[in-house]
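If you want the building blocks of each chain, they are given just below.
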Amino acid sequence: MALAYLLLGSNMGQSKSLLSIAADHIQQKAGPILLKSAIYESEAWGKEDQDPFLNQVLLIESSLSASHLLHSLLQIELQMGRTRSIKWGARIIDIDILFYEEQQIQLDALTIPHPAIADRRFTLVPLHEIAPDFIHPVHHKSIKTLLLECQDPLMVKLLDD
């Protein structure tokens, strides 16, 4: 069994509900959820002329290899109606593998750790909530330190219920 941190994001439709549906699918198809951050609202990154995103980080335990986990997550996105048309564009659901254990994996379709973690506050804030002391296997710094050093100016705030 492997521990994997996943980032969920959505900025279309009922995003809060979509994150919950995605989490249910992940639990059924990839493995049990051990920890779940709160949901955060963040300004769109990369393509900023769109609605804000809701983001959440999950820690799961999975018997799937990293490649099989990616395949399973892509199937969940597809099942939920995700289409890929515009890079960094609006999406009904996005599920990224941030970390898979402390492994470093470089394949054509998969890079772990996710290469942009240290540059994105919308990833670091919810990740910090559940894993502040996790050491990034490439940067050799804790999530807490990466968040303190992050230069991303975009707003990330705890979602008000």
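Here, every reference points to the structure presented above.
Quick look at the structure, then. (Residues numbered from 1 in each chain as written. Predicted model: local features only at pLDDT ≥ 70, side-chain atom pairs only at ≥ 80, totals over all residues. Heavy atoms only, no water.)

1. Things to note about the overall build of the chain
From N to C terminus, the chain includes 4 helices and 8 strands. Traced from its N-terminal end to its C-terminal end, the chain shows the element sequence β-α-β-β-β-α-β-β-β-α-α-β. Structurally, the chain occupies a C-alpha span of about 35 × 35 × 30 Å along its principal axes. Counting every position in the chain, which comprises 161 residues, the buried fraction comes to 50%. (Helix = DSSP H or I, 4+ residues; strand = E, 2+ residues; numbered from the N terminus. Buried < 20%, exposed > 50% of the residue type's maximum accessible area, 1.4 Å probe, protein only.)

2. Digging into unusual backbone geometry
Residues Ile112 and Pro113 are joined by a peptide bond in cis, for which omega reads 0°. Looking at where Pro113 falls in the secondary structure, it is placed in the loop between β7 (111-112) and α3 (121-130). Its identity as a non-glycine residue notwithstanding, Glu101 has a phi of 55°, on the positive side. Mapped onto the fold, Glu101 is located in the loop between β5 (94-100) and β6 (105-106). Judged by relative accessible area, which is 25%, Glu101 ranks as partly exposed. Despite not being glycine, His140 shows a phi value in the positive range, around 55°. Note that His140 resides in the loop between α3 and α4 (143-149). Exposure remark for His140: the relative accessible area of 60% places this residue in the exposed category.

3. What to know about the pairing of strand β4 (residues 53-62)
Counting buried residues in β4 gives 9 out of 10 residues, a clear majority hidden from the surface. Bridge count for strand β3 (residues 40-42) against β4 is 3 bridges, and the pairing is antiparallel. Across the sheet, residue Tyr40 finds its bridge partner in β4, namely Asn55. (Pairing = 2+ DSSP bridges.)

4. Things to note about the packing of helix α1 (residues 15-29) against helix α2 (residues 66-79)
A pair of packed helices is characterised by two quantities: the angle between their axes and the separation of those axes. Packing of α1 against α2 leaves a shortest axis separation of 10 Å and a crossing angle of 140°. Looking at the two axes, α1 sits oblique to α2. Our pair here, α1 against α2, has a crossing hand that is right-handed. Contacts from His25, Ile26 and Lys29 of α1 reach α2 at Ser72, Leu73, Ile76 and Gln79. A class-by-class count of the residues in the contact of α1 with α2 yields 3 nonpolar, 3 polar and 1 charged. (Axes fitted to C-alpha atoms, helices over the stretch in contact; angles between N-to-C directions. Parallel < 35°, antiparallel > 145°, perpendicular 65-115°, else oblique. Left-handed = near helix turned anticlockwise from the far one by under 90°. Contact = heavy atoms within 4.5 Å. Nonpolar A, V, L, I, M, F, W, Y, C, P; charged D, E, K, R; others polar.)

5. Quick word on the environment of Lys141
Examined against the element boundaries, Lys141 turns out to sit in the loop between α3 and α4. Residues Lys141 and Ala118, 23 residues apart in the sequence, show an inter-C-alpha distance of 9.9 Å. Once residues lying within four places of it in the same chain are set aside, the contact partners of Lys141 are Phe134, Ile135, His136, Leu146 and Glu149.

6. Regarding the pattern of salt bridges
For the structure shown, the criterion picks out 1 salt bridge. A salt bridge links Glu149 to Lys141; the shortest N-O distance between them is 2.8 Å. (Salt bridge = Lys/Arg side-chain N within 4 Å of Asp/Glu carboxyl O.)

7. Thoughts on the nonpolar core
In terms of nonpolar packing, the biggest core is built from 28 residues, with Leu6, Ile26, Ile60, Leu69 and Ile95 touching the most fellow members. Of all the secondary-structure elements, those providing two or more residues to this core are β1 (2-10), α1, β4, α2 and β5. When neighbours within four sequence positions are excluded, Leu69 is seen to be in contact with Ala4, Leu6, Ala30, Ile60, Ser62, Leu64, Ile97 and Tyr100. One finds Tyr40, Leu59, Leu146 and Leu147 within the second-largest nonpolar core, a separate group that totals 21 residues. (Core = buried A, V, L, I, M, F, W, Y, C linked by side-chain atoms within 4.5 Å.)

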